[in-house]
Amino acid sequence: MKTSSRKEVNRTCCVCRRTADKREFLRIVRAGDMVEFDKENKKNGRGTYVCKNKKCIEGISETNALSHALRCSVNSDNIKVLVEDLLGVIAED
Ligand SMILES: [Zn+2]
């Protein structure tokens, strides 16, 4: 499927609701009943975004922002793995 857009589409952090260019965020996608970090930014599926900061990433496990954004219930083990993945990425910067 081909998509085109004339202007940059801003993304919204699912935790703090900040909007910015997608490069400022980490993408999270829903894959079946699981959610995972889309490191390459190219997985298909319903996705959402979170800021590249510890506060927002940890906010994922403290709120149900992710379940709400992805319209599914995400189990706590899954969230734990996801949060660890995301924190690992910002630690590399
Ligand atoms: Zn945020």
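The following refers to the structure shown. What you are looking at is a predicted structure, and each value in this text was computed from that prediction instead of being measured.

What counts as what
- Residues numbered from 1 in each chain as written.
- Predicted model: local features only at pLDDT ≥ 70, side-chain atom pairs only at ≥ 80, totals over all residues.
- Helix = DSSP H or I, 4+ residues; strand = E, 2+ residues; numbered from the N terminus.
- Rg over C-alpha atoms; globule rule 2.2 N^0.38 Å.
- Contact = placed C-beta atoms within 7 Å.
- Pairing = 2+ DSSP bridges.
- Axes fitted to C-alpha atoms, helices over the stretch in contact; angles between N-to-C directions.
- Buried ≥ 20, exposed ≤ 12 C-beta atoms within 10 Å, placed from the backbone.
- Arc of directions from axis to C-beta.
- Parallel < 35°, antiparallel > 145°, perpendicular 65-115°, else oblique.
- Nonpolar A, V, L, I, M, F, W, Y, C, P; charged D, E, K, R; others polar.

Assigned secondary structure in the chain consists of 3 helices and 5 strands. When the helices and strands of the chain are placed in sequence order, the string is β-β-β-β-β-α-α-α. Computed over the C-alpha atoms, the radius of gyration of the chain is 13 Å, within 12% of the 12 Å expected from 2.2 N^0.38 for a compact globule of 93 residues. Long-range contacts, defined here as pairs at least 24 residues apart, represent 53% of the contacts in the chain between residues at least 6 apart.

The next thing to look at is the sheet that holds strand S4 (residues 34-37). Within the open sheet, the 3 strands sit side by side as S4-S3-S5. Their pairing is antiparallel. The outermost strands of the open sheet, each flanked by one partner alone, are S4 and strand S5 (47-51). Strand after strand, the sheet turns through a mean of 30° between neighbouring axes, direction not considered. With 5 bridges joining them, strand S3 (residues 25-31) and S5 adopt antiparallel strand pairing. By the bridge assignment for S5, Arg-27 is matched with Tyr-49.

Right, let's talk about helix H1 (residues 54-62) for a bit. For H1, the set of buried residues is Cys-56, Ile-57 and Ile-60. Taken around the axis of H1, the buried residues stretch over an arc of 105°, which confines them to a single face. Every exposed residue of H1 that faces more than 90 degrees away from the buried side is listed here: Lys-55 and Glu-62. Those residues of H1 that are buried lie in contact with S5, helix H2 (65-70) and helix H3 (76-92).

Here S3 runs beside S4; their pairing, made up of 4 bridges, is antiparallel. Considered in S4, the bridge of Ala-31 is made with Met-34. Turn length for the S3-S4 hairpin, with the two strands adjacent in sequence and antiparallel, is 2 residues, and the turn residue Gly-32 shows positive phi of about 65°.

Two numbers describe how H1 lies on H3: the axes approach to 9 Å, and their chain directions differ by 175°. For the element pair H1 / H3, the angle class is roughly antiparallel. Taken together, the residues of H3 that come into contact with H1 (itself represented by Lys-54, Ile-57, Glu-58, Ile-60 and Ser-61) are Ile-79, Lys-80, Leu-82, Val-83, Leu-86, Leu-87 and Ile-90. Here the residues of the contact of H1 with H3 sort into 8 nonpolar, 1 polar and 3 charged.

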